[in-house]
Amino acid sequence: MDIYSSDRIMKIRKAHLDTVHFFADLEENHFIIEDNDILPDSLMRENCDLLKELYTGSYVAQKDRGKIINLYERILQGTKEPIYMDELEAQFSIMNRDGQHVFVSVLCYVDTNCEGLITAYVGLLKPLRKKELENKEILDSFSNDKNPSIFINRIAKFQAANPDRKYAYIQFDIRKFRYINEKYGSDVGDDILRYISETLDVMCDKEHLHCRLTADLYEIVTYFNSREEILEFIEMLDARLHRYGDIRFSMSYGISIAPGTSTAYRKHGDEAGLARVQSKSAILNKAVFYEDTLMDNVKRAGAIEEVEEEALKNGEFHVYLQPKYSYDKCRAKIVGAEALVRWIDKDGNYKSPEEFIPVFEKNGFILKLDYFMWESICKLLRKWLDEGKEPLPISVNISRSYLQKIDIVQYIKNLIEQYQIPIELFQLEITETTESTETLEYINKFKAAGFVLMMDDFGSGYSSLSMLKDTPFDVLKMDRFFLDECLDSEQGKTIVSHVISMTNDLGLNIVAEGVETRDMADFLYDNGCAVSQGYYFSKPVSVEEFEKLRDGETEQSTYTG
Ligand code: C2E
Ligand code: MG
Ligand code: MG
């Protein structure tokens, strides 16, 4: 075969004019290197197999030898075993004509026969420019010979060797890696990544392939016998990886399982990635297995995103209010409300906030929705004030997803000034976390502006009582799941009772969320929690219904007094 004249190879040559081309016809044992002023003369002799020379000689810098070995072995072995991609790539430094080491990228497009075996290839050797070099060197210096594009080929070979086994694709990354980079500097960030790669080199034996895909994202492929075995491996890995010197961090792991016969390597990696993202919202569960429901969720989120703008324009979002009650076992009196959004589509179907709020928080639409909610609440409070009704404070939910990104303090201040709403009537609920000092600064800004601040979902995450001592919050809202769980045991009840008394001692107010039974309401009252919110008193209701409840025109749904 005349490899020069093949159409495909002509096209490749045209598309890469700034590179050194080299050709190999493995069936004929015929090799050519195009004229160039990069490679040393010793490589420019007739019928020189460039890759073999780089592989066997001393042209490649010692630290990069693994990369050329990998590339060349893929090509060699590809002549015995089928390979599943038609590109092989590696970056490493070689000695040039002047005896200097220059960083190059070598890409081989291969021709395979009908059995998938390599018969010929055209290679492109391209010196990397300074800018490319900066990126590539950083990437490759961590991953040695485990370049992502080669990784797929290695997986193929790995699985082909044991097609009867089951394989786990494990993907992981560092939670809040950006924050670590910002706090400790990117040099330390780089050190951490290097440390992870080295740890993987040590921990992964011939049963585990591993690769750094990008940034702080890694993938391991291994065969296994049981799920427990995978989880044990992750435990072991995690025990080594969770700290670097004094810096502690945590990982998110996603796992996808595939039969050895499957060649959808990228798809399994993507599935593991989806599970990894899912594991970020699971506080106790750092490793999540991919299931088809995860893909269903992605599709559902896509469907929500498609119609969100239209829904807002068509008035499908409604303000609902859930009353907050002061309760003393004999009497329950409405003392305020929480504004909660409800989405009722044009066909009258109801979507739960649990379903769409997380999607909006991810894609940023939440801000538009909240602008709508805040303005609606301002209009409502204005109406109550104009009607001469006793104005009850309403709390709105502030999402952390936009908290640091834009100056909503000024935005909300302008809004309440425009509608002339006394600031104590427009209250803010912000979910508790121990997060960064930036968020705290932001919350302090609200405080300085005079807003009443409520810490939402206290007890649901990483909260600790000690963090309450410097908190800018005025009110603590006890999470309904926390409360539910605690009230199941005597020990739990003691915790709740102490949380309430400590909050009171600190001069903060406390509201219990998700109060569903009289027993719960009574327990909370007996222990000093003055305000409760939950289905026992009232579900979130439309504004009209809320006004009726407030004016005593309707009985509460479950509250019997
Ligand atoms: P959240 O702020 O903690 O709101 C309380 C949630 O608990 C509401 O769910 C409410 O309907 C529910 N709930 C109240 N009492 C009970 C009870 O006795 N039993 C049970 N099982 N549930 C009760 P909802 O309305 O589904 O909202 C879920 C979350 O979505 C809210 O949690 C809040 O974080 C977010 N959210 C809702 N509306 C908005 C909004 O307009 N903007 C933003 N940014 N987030 C919102
Ligand atoms: Mg809330
Ligand atoms: Mg809450």
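Basis of the calculations
Along each chain, residue indices are assigned from 1 in the same order as the chain's sequence is written. Chain labels run from A onward and ligand labels from 1 onward, assigned in the order the entries are written. It should be noted that, the model being predicted, local features are given only for residues of pLDDT at least 70 and side-chain atom pairs only at 80 or more, the latter also being counted only at that level, while totals for whole chains, interfaces and linings use all residues. Water and hydrogen atoms play no part in the side-chain values, which are based on all heavy atoms of the structure. Counted as coordinating are nitrogen, oxygen and sulfur atoms within 2.8 Å of the metal, or 3.2 Å for Na, K and Ca, while water is not included, which may make sites look incomplete. Exposure is judged per residue with a 1.4 Å probe applied to protein chains only, and the accessible area is read against the type maximum: over 50% gives exposed, under 20% gives buried, and values in between give partly exposed. Like-charged residues are merged into a patch within 9 Å and nonpolar side chains (Val, Leu, Ile, Met, Phe, Trp, Tyr) within 5 Å, provided each residue has over 30% relative accessible area and no salt bridge. Each accessible area is a Shrake-Rupley result for a 1.4 Å probe, and residues are judged covered by the shown protein chains and nothing else. We count a salt bridge whenever a side-chain nitrogen from Lys or Arg sits within 4 Å of a carboxyl oxygen from Asp or Glu. Charge counting treats Lys and Arg as positive and Asp and Glu as negative, with His and both chain ends excluded. Lys charges are placed at NZ, Arg charges at CZ, Asp charges at CG and Glu charges at CD. Starting at the N terminus, helices and strands are each numbered in turn, a helix being any DSSP run of H or I of at least four residues and a strand any DSSP run of E of at least two. To define axes, lines are fitted to C-alpha atoms, for helices over the stretch in contact only, and angles between the resulting N-to-C directions are given on a 0 to 180 degree scale. Comment on the angle field: the value is read as roughly parallel under 35 degrees, roughly antiparallel over 145, roughly perpendicular from 65 to 115, and oblique elsewhere. It is the rotation of the near helix from the far one that decides the hand of a crossing: anticlockwise by less than a right angle makes it left-handed, clockwise makes it right-handed. Residue contacts are counted whenever heavy atoms from the two residues lie within 4.5 Å of one another. Put simply, Ala, Val, Leu, Ile, Met, Phe, Trp, Tyr, Cys and Pro go in the nonpolar bin, Asp, Glu, Lys and Arg in the charged bin, and everything else, Gly too, in the polar bin.

S.K.: Explain the coordination of the magnesium ion (ligand 3) to me, using residue names and the numbers behind them.
M.R.: Bound to the magnesium ion (ligand 3) are the protein donor atoms Asp 456 (OD), Asp 457 (OD), Glu 513 (OE) and Glu 513 (OE), situated 2.0 to 2.7 Å from the metal. Sequence positions of the residues that donate to the magnesium ion (ligand 3) give the spacing D-D-x55-E. If you look at the magnesium ion (ligand 3) and the magnesium ion (ligand 2), they sit 3.9 Å from each other and are both ligated by Asp 456. By relative accessible area, Asp 456 is classed as buried at 6%.

S.K.: Now, about a negative patch on the surface: what can you tell me, with residues and values included?
M.R.: Among the surface-exposed residues, Asp 205, Glu 207, Glu 228, Glu 229 and Glu 232 lie close enough to one another that they form a single negatively charged patch. Along the chain, Glu 232 falls in helix H8 (residues 227–241).

S.K.: So what's going on with the packing of helix H10 (residues 292–313) against helix H12 (residues 365–387)? Residues and values would help.
M.R.: When two helices pack together, you describe them by how their axes are tilted relative to each other and by the distance separating the axes. With their axes 11 Å apart at the nearest point, H10 and H12 run at an angle of 10 degrees to one another. In this view, H10 runs roughly parallel relative to H12, as classed from their interaxial angle. In the crossing of H10 with H12, the sense of the turn from one axis to the other is left-handed. Contact with H10, carried on its side by Glu 308, Glu 309 and Leu 312, involves Phe 365, Lys 368, Leu 369 and Phe 372 of H12 and no other residues of that element. Here the residues of the contact of H10 with H12 are counted per class, giving 4 nonpolar, no polar and 3 charged.

S.K.: Describe the environment of Leu 415, listing the residues and the values that go with them.
M.R.: Position of Leu 415 relative to the elements: it lies in helix H14 (residues 408–418). We classify Leu 415 as buried; its relative accessible area is 4%. With 44 residues separating them in the primary sequence, Leu 415 and Tyr 371 have C-alpha atoms 9.6 Å apart. In contact with Leu 415, other than residues within four places in its own chain, are Trp 374, Glu 375 and Cys 378.

S.K.: How would you sum up the environment of Gly 269? Please name residues and give values.
M.R.: Note on placement: Gly 269 falls in helix H9 (residues 265–280). Sequence-wise, Gly 269 and Ile 170 are 99 residues apart; in three dimensions their C-alpha atoms are separated by 7.7 Å. The contact partners of Gly 269, leaving out residues within four places of it in the chain, are Tyr 169, Gln 171 and Glu 219.

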